[in-house]
Amino acid sequence: ERRDEREPVVRAQRARRWCCRCPDAAQLRFFAPAAMRDYDELTAFLGEWGPFQRLIFFLLSASIIPNGFSGLSAVFLAGTPEHRCRVPASANLSGEWRNLSIPLEEREGRQVPSRCRRYRLEALLNFSALHLQPGRDVNLSQVEQEKCLDGWEYSRDPYLSTIVTEWNLVCDNDWKSPLTTSLFFVGVLVGSFISGLLSDKFGRKNVLFATMGIQTGFSFLQVFSTSWEMFSALFLIVGMGQISNYVAAFVLGTEILGKSVRIIYCTLGVCIFYAFGYMLLPLCAYFFRDWRTLLLVLTLPGLLYVPLWWFIPESPRWLLSQGRIQEAEAIIKKAAKKNGVQAPAVIFDQIEVNVHMISSSAYFSS
């Protein structure tokens, strides 16, 4: 009997020594228990849709809402209103010459004031001083034109201000506005690559809340941007944080929830809550038409997610992959208590987990 009790231990020790000499996952099958149980099988006593699963489902789904804000916020933050060259109020022009100081251009089949050109101000001052009439004494098509040397006048409908009006991202600088959006998605691209690596190393929960903090913190710093360059650099970091917490929440939910709920979470849960944030974005933009105020309003809800740290657990699957069996069992037992079910005294067999880890290590190193 004593020999039978020690047999699993001896086999696991042999597996470790054998793996060190020849890390071939196929050779470990001899040492592994005959009935290697699946995680879902081990935690089946929790049920599929108890209070614990419902809490995790809705809290993780709710954490996606700010991503709907930031993902397309540039549509309103970097909106370009109608604009035209500014003619200084101090310029001694008659009302008639001031009204005709901007040449017309064809846009979408209509003659509209030019956005980037004006008649040469020095020439208009001379015409006005000589009391010449535009169109009668002066042929406007022959008057020399110049760039908007005194800046621009912007329509305050529908935006009171945007980063375009703040830093004059029009005419020769109109390439900067789309570049701002592109830099955000460069951050999304970089975050897509590194988020999985970080969550594998530091844990899903840690990466989720750290990147939510990055997204919220750097969005808040954007409110105080003093230049386009500063705003765009911060926007890139926000993009990295946005996709990283999205991926972390997605993975954390799929690893905690059961098979049937997992499918609903990945399709309806994540997507619907993202769409909800997306729908709130134009509503906020309608009421807050100054870009700094709008960005602040979109950023502050991120602080509401701080208390979720005490409600969302780490992924038991990830803890098991790190050999932290007691922590994984503590989470499962707490979930069982919340669901009103009795958890087994031992949920994850130490030897079974060790052999599984050795098998996984041998597989990925081969």
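Given the structure is predicted, the values throughout are model-derived calculations rather than measurements.

A cis amide bond links D157 to the next residue, P158, at an omega of 10°. Residue position: P158 is located in the loop between strand 6 (152–154) and helix 8 (163–167). Non-glycine residue E108 carries a positive phi angle of around 55°. Exposure remark for E108: the relative accessible area of 74% places this residue in the exposed category. Even without a glycine there, the phi angle at N168 is positive, about 50°.

With that out of the way, let us pick up the packing of helix 3 (residues 51–62) against helix 15 (residues 325–339). Put simply, helix 3 and helix 15 touch, their axes get as near as 7 Å, and they point 110° apart. What the angle tells us is that helix 3 and helix 15 run roughly perpendicular. Contact residues: helix 3 offers P51, F52, Q53 and L55, while helix 15 offers A335, K338 and N339. Per-class residue counts for the contact of helix 3 with helix 15 are four nonpolar, two polar and one charged.

Of all residues in the chain, 85% have pLDDT values of 70 or greater, and the mean over the chain is 84. Ignoring residues within four places in sequence, the model shows residues 15–36, a span with pLDDT below 50, making 31 contacts including any to other chains. Under a pLDDT of 50 for its full length, residues 362–366 has, in the predicted model, eight contacts with residues more than four places off or in other chains.

This part takes up the nonpolar core. Where a protein is soluble and globular, its nonpolar side chains tend to be buried together. L60, L208, F231 and F348 are the most contacted members of the largest nonpolar core, which has 68 residues in total. With nine residues, helix 11 (residues 228–256) is the single largest residue contributor to this core.

What follows covers the pairing of strand 2 (residues 104–107). Across four bridges, the pairing between strand 2 and strand 3 (residues 110–113) is antiparallel. When the bridges of strand 3 are listed, E105 appears paired with V112. Linking strand 2 to strand 3, which pair antiparallel, is a turn of two residues; within it E108 sits at a positive phi near 55°.

Reading the values: the criteria
Residues numbered from 1 in each chain as written. Predicted model: local features only at pLDDT ≥ 70, side-chain atom pairs only at ≥ 80, totals over all residues. Heavy atoms only, no water. Helix = DSSP H or I, 4+ residues; strand = E, 2+ residues; numbered from the N terminus. Buried < 20%, exposed > 50% of the residue type's maximum accessible area, 1.4 Å probe, protein only. Axes fitted to C-alpha atoms, helices over the stretch in contact; angles between N-to-C directions. Parallel < 35°, antiparallel > 145°, perpendicular 65-115°, else oblique. Contact = heavy atoms within 4.5 Å. Nonpolar A, V, L, I, M, F, W, Y, C, P; charged D, E, K, R; others polar. pLDDT = per-residue confidence, 0-100. Core = buried A, V, L, I, M, F, W, Y, C linked by side-chain atoms within 4.5 Å. Pairing = 2+ DSSP bridges.

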